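These are the residues of each chain, in order.
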Amino acid sequence: MPVMSGERQKSSPYREVAAGSGRLTDPGWLVHGDPEVILAGLDGAASREELLAAAVYRASGHVHRDAGAGVRRQILALDAARYGNRELARNIAKVAVRQETETDDPWVVQWATGGDLDSRLRYALPVPAKVGVLATVVVEGRGLSVAGCADGTLHGWDLATGSRLGKVVSAHTGAVEALATAVLDSRPVAVTSGYDKTVRVWDLARGELVGACHADDDSWVKSLATGLVGGRPVVVGACIDDVVRVWDLATISQNSEPQTIHTGFVSALSTAVLYGHPVAVTSHSKELGATDLITGEETVRVWDLVTGREFAALGDPPVFADQGARGPYDRTVEGGGDSDGEAGGCASLDLNAGAHFLVTDPASECPLAVSANAYEVHVWNLATREQVGEPVAATPVEAAAVRMLHDRPAALVAYAHGPVEVWDLSTLRHLRPPLTGHEAAVRGAATAVLNRRHLAVTGSDDGSVRIWDLDGESETGNRLTGHAGSIKGIATAVVDGSRVIVTGGSDTKVRFWDLDGKGQLSEPLTAQTTALDLMTVGTVDGRPTLLTRDNWRKTVRIWDLTTREELHGRSTSEYTSLSIDFFAEVDGRFVGVTSEGRVWDLTASQWIGVQPRQQDALALETLDGRSILLTSHSTDGVHLWDLATGELLAPPLTGHTNEVSTGATATLNGRPVVAAAGNRTVWMWDASTGQQIGAYAFPSRIRGLTVAPDGRMVVSFGADIAVLRHRY
């Protein structure tokens, strides 16, 4: 995937081989082929089948680079299902691989949603730590990407191959707060700043410091950009004293006086070339403080880097002085922003998304700006003030950069969790999966059987509840909405003989829904005064009952689900303890489970069972008529404890390579089965023998896991869900 900078790139030999041989539609080649060769050849896709296969491979390309054939097979089948191509998913799952462990691979993906997918995704770069800032640079036709991380390090990659660039640079003792790149004496360099008030320049190839300076004794640089002024590279820094400073990059260590531009408060900064002039582009909040992350407006202003003056309104060509000087129009000379003249307006661009950051590509003839809100990335044309293409759906974005790839604009986006993704911003035709599902992170899932149909219910940060038919492989009914914020808890219950869904959200409300998808039932309960923290449903004293706890005051309330009335007179002080990790219902009474695995009986106001000899409780489940507590500490194994006796019911379940965070039990073909998930993998064991019977890899972090009565697993990852069924 070569990077372009002003010249037409020749065809890659990998691309010609992949396209000419038609191997992109060969499931065996996708599973066993060299990922570098396949990724380089994806641009050669021509037919609809090849374009789909390319999109499927790109969806998790960052995982394929380092994975074995077994993991690639699982994730490729999953991504094919996410794109709605069940035939391709089945064919990939049939590809024979040599097992890399002693366990079998008994689970296959039945179907999945694709809310996180967009065919504009080109590829992703792996990152070792949370990325706070991103930048790109082109040197001799070679595109490079640099990421500044929360641990103070810099990491670089070749954008054509995804390979690492040079060595890791320890740029600052704290997080890298700002980052920009440039070419100095034919060398790629990175400019960084942090809370230590120092601006530093690094040789990316050698990992060496080549220069440093300070903004001011009482200030530090919070945003950085670079550009060319008179053919010389400059560093532009927005400082916390509401001033933008411009340094000559070559002499930055010589204590030379920087140019100072009094811009006022700046929330984001970049550079561009507008009407042939090097400019700084600044984003400003209307108030000295953060605006609403989703609906808050910000404005964009443009400043000439030669004179330090502000341009006229965006979209209007600059008016030059009569003496022929090629300087930009200075609105202060003609009466400032209050002038009624044609070019007297403030150089501003209203964005309908709060600009967490603002990035441009100075080399592009069509200057672009990128802004982001909580769920979307927006791209803007600075000259026309118009949005370019459709917004790119995204989970919370930390940083971005813009670069021309293959003569087309592209954006590099780093998320709060996950790799750095590269998006083609010029693609007009998008492959859309038939099941787009939720638009934000899925926080909870539950399963139920209604009229012999196996259903899954999911809740998300997008505030919606969705009901899925596991047998029909589709969403049933309409998207259920009503919560004003994210959904924090979800459960199903039987009330007056009818199946209902109970959900609790950050809006402090508990809502009731018809499981058949007909909508909301009755008025919601105002369960707490702040956002819901924990919620569970059970049968207490023979009646369906709800227990809720808020996330601030830790107030616990109990409700009769039949009458919707709060039950008073029960002891709840023990449940307000921060040590309670989750609630459950055991033998007709509510219990709270601590992080150490201790169980408190609310009705009896006493500890029950025996405290297990291990920390980190995962779940309290019912298996073979017994109440089973699942615990796991680090990678020491998953333990099953009999709640009544405190005895271990099976040998430790081992083989997981990451710490697990959630677990569930089920009965499969008459055998007790345990499933546990951690990071991006689900592991499965036969509980009676302790033998691991399978594992399934996912492309992003798993947030929830539940098992349907027939043994199928519903896994929520990112904004999507997947249903895994037993292969045999």
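In this text the structure is predicted, and so the values were computed from the model without any measurement.

A. Region of the structure containing the overall build of the protein chain. Counting its regular elements, the protein chain contains seven helices and 50 strands. Expressed as a percentage of the 728 residues in the protein chain, the buried residues total 57%. Expressed as a percentage of contacts within the protein chain between residues at least 6 apart in sequence, the contacts between residues at least 24 apart total 47%. Accessible surface for the protein chain amounts to roughly 29,800 Å². Of this, 46% is attributable to carbon and sulfur atoms.

B. Just the pattern of salt bridges, in detail. This model, assessed by the stated rule, comprises 17 salt bridges. A salt bridge links Asp-79 to Arg-82, with the nearest nitrogen and oxygen atoms 2.8 Å apart. Remark: Arg-82 and Asp-79 occur in helix H6 (residues 69-82); sequence separation between them is three residues, near one turn of the helix. Both residues of the pair, Asp-79 and Arg-82, belong to the buried class. For Arg-200, the salt bridge identified is with Asp-196, shortest N-O distance 3.4 Å. Overall, the relative accessible area of 22% leaves Arg-200 in the partly exposed class. The exposure class of Asp-196 is partly exposed, given its relative accessible area of 29%.

C. Structural context of the nonpolar core. Counting 49 residues, the largest nonpolar core has Leu-78, Trp-107, Val-682, Phe-698 and Met-713 as its most contacted members. Apart from residues lying up to four places away in sequence, Leu-78 is in contact with Val-109, Ala-112, Tyr-696, Ala-697, Phe-698, Pro-699, Phe-717 and Ala-722. Counting 17 residues, the second largest nonpolar core, distinct from the first, contains Ala-182, Leu-184, Val-221 and Leu-224.

D. Here's a closer look at the confidence of the model for the protein chain. Here the protein chain shows a mean pLDDT of 77. Residues at 70 or above account for 76%. Across residues 1-20, confidence stays below pLDDT 50; counting only partners more than four residues off in sequence or on other chains, it has 46 contacts. When the criterion is pLDDT under 50, residues 319-357 qualifies, and its contacts beyond four places in sequence or with other chains add up to 100 contacts.

E. Spotlight on helix H7 (residues 86-93). The set of residues buried in H7 consists of Leu-88, Ala-89, Ile-92 and Ala-93. Around the axis of H7, the buried residues are gathered within 135° of arc, so they sit on the same side. Elements that come into contact with the buried residues of H7 comprise helix H2 (27-32), helix H4 (48-59), H6 and strand S1 (107-112). With a side-chain oxygen positioned 3.4 Å from the backbone nitrogen of Glu-87, the residue opening H7 is Asn-85.

F. Molecular detail of the pairing of strand S49 (residues 713-717). Within S49, five of the five residues are buried, which leaves it mostly tucked inside the rest of the structure. Bridge count between strand S48 (residues 702-707) and S49: five bridges; the pairing is antiparallel. Paired with Ile-702 across the strands is Phe-717, a residue of S49. Linking S48 back to S49 in an antiparallel pair, the connection comprises five residues, with Gly-711 at a positive phi of about 95°. The pairing of S49 with strand S50 (residues 720-726) spans five bridges and is classified as antiparallel. The residue bridging Met-713 from the neighbouring strand is Leu-724, located in S50.

G. Quick look at the packing of aromatic side chains. Under the counting rule described, the total for this entry stands at five aromatic pairs. With centroids separated by 5.6 Å and ring planes inclined at 40°, the aromatic side chains of Trp-111 and Trp-468 adopt a geometry described as tilted. With Trp-111 in strand S1 and Trp-468 in strand S27 (residues 464-469), this pair connects stretches of sequence that are 357 residues apart. The same class applies to Trp-111 and to Trp-468, which are both buried. Ring centres 4.9 Å apart and planes at 85° place the aromatic pair Trp-600 and Trp-607 in the edge-to-face group. Grouped by ring-pair contacts, the aromatic residues Tyr-696, Phe-698 and Phe-717 constitute a single cluster. The aromatic ring of Phe-512 is capped on one face by Arg-564, whose charged end is 4.0 Å from the ring centroid.

H. Structural view of unusual backbone geometry. Of note in this structure, Lys-197 is not a glycine but carries a positive phi near 70°. Structurally, Lys-197 can be placed in the loop between strand S8 (187-193) and strand S9 (198-203).

I. A look at the environment of His-262. The residue His-262 is located in the loop between strand S14 (259-261) and strand S15 (268-274) in this model. Of the residues examined, His-262 reaches a relative accessible area of 64% and is grouped as exposed. Linking His-262 and Asp-241, residues 21 residues apart in sequence, is a C-alpha distance of 9.3 Å. Non-local contacts of His-262, meaning those with residues more than four positions away in its chain, are made with Asp-242, Val-243 and Trp-303.

J. Geometry of H6. Helix length check: H6 (14 residues) gives 20 Å between terminal C-alpha atoms against 20 Å at 1.5 Å per residue, within 8%. Counting buried residues in H6 gives 13 out of 14 residues, a clear majority hidden from the surface. Phi turns positive, to about 85°, at Gly-84, one or two residues after H6.

K. Summary view of the sheet that holds strand S35 (residues 556-560). Taken in spatial order, the four strands line up as S33-S34-S35-S36 in an open sheet, and their pairing is antiparallel. The sheet is open, and its two edges are formed by strand S33 (532-540) and strand S36 (565-567), each paired on a single side. Sheet twist, expressed as the mean angle between neighbouring strand axes with direction ignored, is 30°. By the bridge criterion, three bridges tie S35 to S36 in an arrangement that is antiparallel. Along S36, the bridge assignment pairs Ile-558 with Leu-567.

L. Up close: the packing of H6 against H7. Relative to each other, H6 and H7 sit at 170°, their axes nearing to 7 Å. As far as their axial angle goes, H7 and H6 are roughly antiparallel. Of H7, the residues touching H6 (which contributes Arg-73, Leu-76, Ala-77, Ala-80 and Ala-81) are Leu-88, Ala-89, Ile-92 and Ala-93. Grouping the amino acids of the contact of H6 with H7 by side-chain chemistry returns eight nonpolar, no polar and one charged.

What counts, and at which threshold
- Residues numbered from 1 in each chain as written.
- Predicted model: local features only at pLDDT ≥ 70, side-chain atom pairs only at ≥ 80, totals over all residues.
- Heavy atoms only, no water.
- Helix = DSSP H or I, 4+ residues; strand = E, 2+ residues; numbered from the N terminus.
- Buried < 20%, exposed > 50% of the residue type's maximum accessible area, 1.4 Å probe, protein only.
- Contact = heavy atoms within 4.5 Å.
- Areas by Shrake-Rupley, 256 points an atom, 1.4 Å probe, with all protein chains shown as cover.
- Salt bridge = Lys/Arg side-chain N within 4 Å of Asp/Glu carboxyl O.
- Core = buried A, V, L, I, M, F, W, Y, C linked by side-chain atoms within 4.5 Å.
- pLDDT = per-residue confidence, 0-100.
- Arc of directions from axis to C-beta.
- Polar contact = N/O pair within 3.5 Å; in protein donor to acceptor, adjacent residues only side chain to side chain.
- Pairing = 2+ DSSP bridges.
- Phe/Tyr/Trp six-rings, centres within 6.5 Å; stacked < 30°, edge-to-face > 60°.
- Lys NZ or Arg CZ within 6 Å of the ring centre and 35° of its normal.
- Expected span 1.5 Å × (residues − 1).
- Axes fitted to C-alpha atoms, helices over the stretch in contact; angles between N-to-C directions.
- Parallel < 35°, antiparallel > 145°, perpendicular 65-115°, else oblique.
- Nonpolar A, V, L, I, M, F, W, Y, C, P; charged D, E, K, R; others polar.

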